[in-house]
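Structural features, examined
Single-letter residue listing:
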Amino acid sequence: MTLSASLLWLIPATPLAASVFGLFAPRTARTLPIAGALLGLVAALGLSVAALAGALVDPAVRATSDFAWFTFGAQTLRLGWLLDPLAGFMCVLVTLIGLLVALFSTAYLRHDPRIGRFFGFLSLFVAAMLGLLVTNSLLLLFICWELVGLASYLLIGFWYERPAAAAAAKKAFITTRIGDLGFLIGLVWLHQATGSALFHDGGAGALDAPTLARLSSTLLPGGWAVSTAIGLLLFVGAAGKSGQFPLHVWLPDAMEGPTPVSALIHAATMVAAGVFLMARVFPLMAADQGLATVPFHALTGVAVIGAVTALLGAVLAVAQNDIKRVLAYSTVSQLGYMMLAIGVGSWVAAVFHLITHAFFKALLFLGAGSVIDATHHEQDLRRLGGLAGRMRVTFATFALGTGALMGLPFVFSGFWSKEAILHAAEGWTVSHLPFAAGLVGVVLTAFYMTRLVLEVFFGKARGEGAAHAEESPGLMRGPLVVLAVAAVGLGWLGLPNWPWLQTRLQGGDWPVHGLGEGFGLMVVSTALVLLGIGAGWWWYGRVKRTDARALDPLARSWPAVHAALAGRLWLDELYAATVGRAFAMLARVAAFFDRWVWGGAVEAAGRTAETVGQVNRAVDEDGLNAGFDNTSEHLRGSGRRYAKAQTGDAQSYLRVVAIGLAVVGVLLLWGGVR
Amino acid sequence: MSPLHLCLLLSTVLFCIGLAAVLVRTSAILVLLGVELMLNAANLNFIAFWRYGPGGDDTGVIFVLFSIAVAAAEAAVGLALVIALHRHRRTIALKAANQLRG
């Protein structure tokens, strides 16, 4: 069974219906919203699989179905749906992970009184993301993009009673809004330059070859091609959503939401949106700019930011003590890898890594959720420890996810997708720095994950929660096992010598090469992974932590480095001191002007008027008053009589007006209105 | 009856409901709600005459767009007033707002 493009709207519509149902159900309802959300996700998953099957019939075909949203004068604004293998794979990914996370949440939030509300938000989140995936219009994509932002705000701030959660939700919303401003400008510019917000429209769409040729040959005054400028603006939006440096600061704070939300945000629904956008508009980003006099390509910017983010995220993950924050910075780093892949021209490798990463990062986050639930909300890895024996399933699946994230060779999916990215970066002709950053990131990834696993699962329990932990219920273990299978197995879809996934995504031929060509690189990265694991074991494995208050081994070796990393390189403080301070300064200047300059002028005018008034009064009282007193007395009497009608009640006045209106209406009818 | 008549009938009904709400409800918010209903009745008239009238230009639609924008602003101001009233008098009954000072 396949799903045609004209019915594609059904995919986001089912979770959307579930979310409406969940949000309008009575506040205390539990079972019905949960059942609705699960049902919606299952239906969406089925529809997504059907859509993917339809897209895979001929991967090179982009099926579109457009409709007019509204017509205004001669302008018609059209929106539409687009079905290609990219959208198909992403839909299946989002619905599958959304379903697993929802199942996990039924157990994780079993004691929360607002669990019904939670499932409503969750469905909205998934629905918005699905809408973003299947649309053929940049405008509709932007609308869904903002809905994703809204849903993430609601979910990160789900426990809004906690000030930290409310602040984190606001931070996520505002930080991504900065990026969205770039996106919006790019969107309007693109529409103005091409006259269409559709991606593919039989040659007239914004991503069709004739339009691209026009865009890339139109030059701005500085010598840039218009397509470069628009591409960079769209990338600003993607950077905000996907947590790229320097807009990455919201992502670690988003940990304040419930853990399943973190899993969803970090795997499928939120941060994937930026990478997806870049993959979707890749033809625009990569448009040939032979005419531009400034030799700067939009993709170069993407690659540089991606490389910086990949390295920065990995470095910062080293010194975090919150189990979820380690994983959050790891996500930042992995998203950097994806952007790096897009920047060096291989969006297919980026999407491949996006898919494998979604599964193993969802696995890691849900595993962390399982640990947190079992230890009564203990997230500090200094007070965990020794859980390997007590939580066997969680440990086994978490270890598999760790292997995939590190990129342990040949078995794990993360290895193959990371290999694809590194291979693409190696062949990039502009610069070798992103490639080098990628290799360093591999060492750091292995290092911080080794530290995380050793601290959480080995040694002896260093806190009350960890000492009495028991394995989580079956509804939590089930999704973990499914995700673990995917984290291992998915890599086999895109082997270098059998690139099934790549060929389908590309919609054409993908260079098949034997394992021999990239073998040298594989050996190098395997050695780097082992180096990272070895270093992790050297610091955290030889002598296991026994006391929660003991200094971090890395802090003993290099106190200054550790302090800088634990302080997250003081980037948040830097932003507060620069951007935050600047706005506060602006506000103070405005307040000063208001109070002293404008306020002073008003004050002076007031004083003048008062003086004039005093003079007037003197003339009045002493000169004119006596003669008028008599008249006034009479007027006062009649005034008092009229004042009785002046009740001050607006409705009684209105009643009189209404009666008058009715009388006028009757008179007009009497006269016969034609 | 032609569609135009039906539209006008509907807008008349809307207008009357809104008017009734404005005249008899005690809560300021519900009175605001009534005002919105009346505005929308007027909008409906515009649209109806634009759609079924002699035609020729888009004045009716543009007028309605402006009217919606103004209505949105009006609702914002009105609700702000209600909040101010509530702060001041601890009630939002219109009867309480019968003095210009205080």
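Each remark here, short or long, concerns the structure printed above.
Helix and strand counts for chain A stand at 26 helices and two strands. Principal axes of the C-alpha set define a box for chain A whose edges measure 115 × 65 × 55 Å. Across the 674 residues of chain A, 54% fall into the buried class. Of the contacts formed within chain A by residues at least 6 apart in sequence, a portion of 77% connects residues at least 24 apart. Accessible surface, chain A: about 28500 Å² in total, of which carbon and sulfur atoms supply 69%. Placing the 44 positive and 37 negative side-chain charges of chain A at their respective mean positions leaves the two points 6 Å apart.

Attention shifts here to a nonpolar patch on the surface. A cluster of nonpolar side chains, namely F67, W69, F70, F72, I143, L147, L150 and Y153 of chain A together with I62, L65, F66 and I68 of chain B, defines an oily patch on the protein surface of about 1100 Å² accessible area. Among the structural elements, Y153 of chain A can be located in helix 5 (residues 138–156).

This next bit is on the nonpolar core. Grouped together as the largest cluster of nonpolar side chains are 204 residues, with contacts concentrated most on I97, M278 and V281 of chain A. Of all the elements, helix 15 (residues 347–374) of chain A adds the most residues to this core, at 20 residues.

Residue and element names in this part refer to chain A. For the structure shown, the criterion picks out two cavities of 30 Å³ or more. For the largest cavity, the calculated volume is near 40 Å³. What lines the largest cavity is simply M406, G407, F415, K418, E419, L422, V442, S525 and V529. Within the residue set of the lining of the largest cavity, elements represented by two or more residues are helix 17 (413–426) and helix 22 (519–541). Among the elements that make up the lining of the largest cavity, the one with the highest residue count is helix 17 (four residues). Classifying every residue of the lining of the largest cavity by side-chain character gives five nonpolar, two polar and two charged. The wall of the second largest cavity is formed by L454, E455, F458, G459, R462, Y540, K544 and R545. Here the lining of the second largest cavity is composed, by residue class, of three nonpolar, one polar and four charged.

Space left empty within the atom packing is revealed by a probe, the size of a water molecule, rolled over the atoms. Residues and elements named next belong to chain A. Of the pockets and cavities examined, the largest pocket occupies roughly 390 Å³. Counting only elements with at least two residues in the lining of the largest pocket, the list comes to helix 6 (163–194) and helix 25 (571–643). When residues of the lining of the largest pocket are assigned to their parent elements, the largest contribution, six residues, is made by helix 25. Looking at the lining of the largest pocket residue by residue, the classes come out as nine nonpolar, two polar and three charged.

Turning next to the pattern of salt bridges. Pairs may arise between side chains of opposite charge once their charged atoms sit close together. All names here are of chain A. Counting across every chain of the model gives 12 salt bridges over all chains. Across the pair R110 and D373 runs a salt bridge, and its minimum N-O distance is 3.3 Å. Residue R110 is located in the loop between helix 3 (85–108) and helix 4 (115–134), and its partner D373 is located in helix 15; the two are separated by 263 residues in the primary sequence. D373 gets classed as buried once you look at its relative accessible area, which sits at 15%. Close ionic contact of E146 with R177 constitutes a salt bridge, the shortest N to O distance being 2.5 Å. You can see E146 sitting in helix 5 and its partner R177 sitting in helix 6, a full 31 residues away along the chain. Given the relative accessible area of 24%, R177 is considered partly exposed. Each of the salt bridges in this network shares a partner with another, and the network as a whole consists of E146, R177 and D180.

How each quantity is defined
- Residues numbered from 1 in each chain as written.
- Chains lettered and ligands numbered in written order.
- Predicted model: local features only at pLDDT ≥ 70, side-chain atom pairs only at ≥ 80, totals over all residues.
- Heavy atoms only, no water.
- Helix = DSSP H or I, 4+ residues; strand = E, 2+ residues; numbered from the N terminus.
- Buried < 20%, exposed > 50% of the residue type's maximum accessible area, 1.4 Å probe, protein only.
- Contact = heavy atoms within 4.5 Å.
- Areas by Shrake-Rupley, 256 points an atom, 1.4 Å probe, with all protein chains shown as cover.
- Lys, Arg positive; Asp, Glu negative; His and termini not counted.
- Charge placed at Lys NZ, Arg CZ, Asp CG, Glu CD.
- Patch = residues over 30% accessible without salt bridge, like charges linked within 9 Å, V, L, I, M, F, W, Y side chains within 5 Å.
- Salt bridge = Lys/Arg side-chain N within 4 Å of Asp/Glu carboxyl O.
- Core = buried A, V, L, I, M, F, W, Y, C linked by side-chain atoms within 4.5 Å.
- 1 Å grid on protein atoms, 1.4 Å probe; cavity = no way out; pocket = protein on both sides within 12 Å on 5 of 7 lines; lining within 4 Å.
- Points joined across faces, edges and corners; volume = space filled by probe spheres on them.
- Nonpolar A, V, L, I, M, F, W, Y, C, P; charged D, E, K, R; others polar.

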